[in-house]
Amino acid sequence: QVQLVESGGGLVQPGGSLRLSCAASGFTWEHNGIGWFRQAPGKEREGVSAIDSDGSTYYTNSVKGRFTISRDNAKNTVYLQMNSLKSEDTAVYYCATDHPALLGSGISWYLWGIAFVSWGHGTQVTVSS
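As the structure is a computational prediction, the values presented were derived from the model and not from experiment.

## Quick notes on unusual backbone geometry
Leave glycine aside and you will find that most residues have negative phi; peptide bonds, for their part, are mostly trans.
Inference 1: Positive phi is not limited to glycine here, since asparagine 76 has a value of about 55°.
Inference 2: Structurally, asparagine 76 can be placed in the loop between strand 7 (67-72) and strand 8 (77-82).
Inference 3: The class of asparagine 76 is buried, set by a relative accessible area of 12%.

Dropping the structure here:
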């Protein structure tokens, strides 16, 4: 089965941490770029972080110094370690890749030199006291 599945979301207090995971199955993305996006209610989707095929990383300014993206190609998984979480980080977080395996989503997004065309269904992150 071809799929892209996010996990690790949940409810956390301000200042807390979460680690999100995105696992690909049915295809391999060793040579692909992978990114994390988020969308809060009533707001536009926003690029959060990305890692390309050679390991270069990218972050939106609001998360620099707090979030870290990494990949484990052996596990076909990408991670987003989120520290010092703030209420404004509350959103549904999606992972995406330039691999066309899930192109049927119809969403295409070009950011940090990567054309994201395959998307997961998201995991909810809520930061609240």
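## Quick look at the packing of aromatic side chains
Inference 1: Inspection of the entire model under this criterion finds 5 aromatic pairs.
Inference 2: Taking the centre distance of 6.2 Å and the plane angle of 90° together, the rings of phenylalanine 27 and tryptophan 29 count as edge-to-face.
Inference 3: When its relative accessible area of 1% is taken as the criterion, tryptophan 29 is described as buried.
Inference 4: Ring plane angle 80° and centroid distance 5.0 Å describe the contact between phenylalanine 37 and phenylalanine 116, whose orientation is recorded as edge-to-face.

## Thoughts on the sheet that holds strand 3 (residues 18-25)
In a beta sheet, neighbouring strands pair by backbone hydrogen bonds and run either parallel or antiparallel.
Inference 1: The sheet built from 4 strands is open, its strands ordered 1-3-8-7 with antiparallel pairing. What marks the edges here is a single partner per strand, and that holds for strand 1 (3-7) and strand 7. Taking each pair of neighbouring strands and ignoring which way they run, the sheet shows an average axis angle of 15°.
Inference 2: Summarising the sheet, strand 1 and strand 3 pair through 5 bridges and their orientation is antiparallel.

## Looking at the pairing of strand 8
Inference 1: Burial runs high along strand 8: 5 of the 6 residues are buried.
Inference 2: Pairing analysis gives 6 bridges linking strand 3 to strand 8, with the strands arranged antiparallel. In the sheet register, leucine 20 faces strand 8, and the bridge partner there is leucine 80.
Inference 3: Count of turn residues in the strand 7/strand 8 antiparallel hairpin: 4 residues, of which asparagine 76 carries a positive phi of about 55°.

## Re the state of the cysteines
Inference 1: Within this structure, the stated rule accounts for 1 disulfide.
Inference 2: The disulfide that involves cysteine 22 links it to cysteine 95, with 1.8 Å between the sulfurs. Taking the sign of the S-S torsion, about 45° here, the bridge from cysteine 22 to cysteine 95 comes out right-handed. Of this pair, cysteine 22 sits in strand 3 while cysteine 95 sits in strand 9 (residues 91-97), and the two are 73 residues apart along the sequence.

## Description of the nonpolar core
Inference 1: Within the largest apolar cluster, 26 residues are counted, with the highest numbers of intra-cluster contacts made by Trp29, Trp36, Phe67, Val78, Leu80, Met82 and Tyr93.
Inference 2: Among the secondary structure elements, those contributing two or more residues to this core are strand 3, strand 4 (34-39), strand 5 (46-51), strand 7, strand 8, strand 9 and strand 13 (123-127).
Inference 3: With residues near it in sequence (within four places) discarded, phenylalanine 67 still touches Arg38, Val48, Tyr59, Leu80, Gln81, Met82, Asn83, Leu85, Asp89 and Tyr93.
Inference 4: By size, the runner-up hydrophobic cluster in this structure holds 7 residues, among which are Ala50, Ala96, Phe116 and Trp119.

Cut-offs and rules
- Residues numbered from 1 in each chain as written.
- Predicted model: local features only at pLDDT ≥ 70, side-chain atom pairs only at ≥ 80, totals over all residues.
- Heavy atoms only, no water.
- Helix = DSSP H or I, 4+ residues; strand = E, 2+ residues; numbered from the N terminus.
- Buried < 20%, exposed > 50% of the residue type's maximum accessible area, 1.4 Å probe, protein only.
- Phe/Tyr/Trp six-rings, centres within 6.5 Å; stacked < 30°, edge-to-face > 60°.
- Pairing = 2+ DSSP bridges.
- Axes fitted to C-alpha atoms, helices over the stretch in contact; angles between N-to-C directions.
- Disulfide = S-S within 2.5 Å.
- Core = buried A, V, L, I, M, F, W, Y, C linked by side-chain atoms within 4.5 Å.
- Contact = heavy atoms within 4.5 Å.

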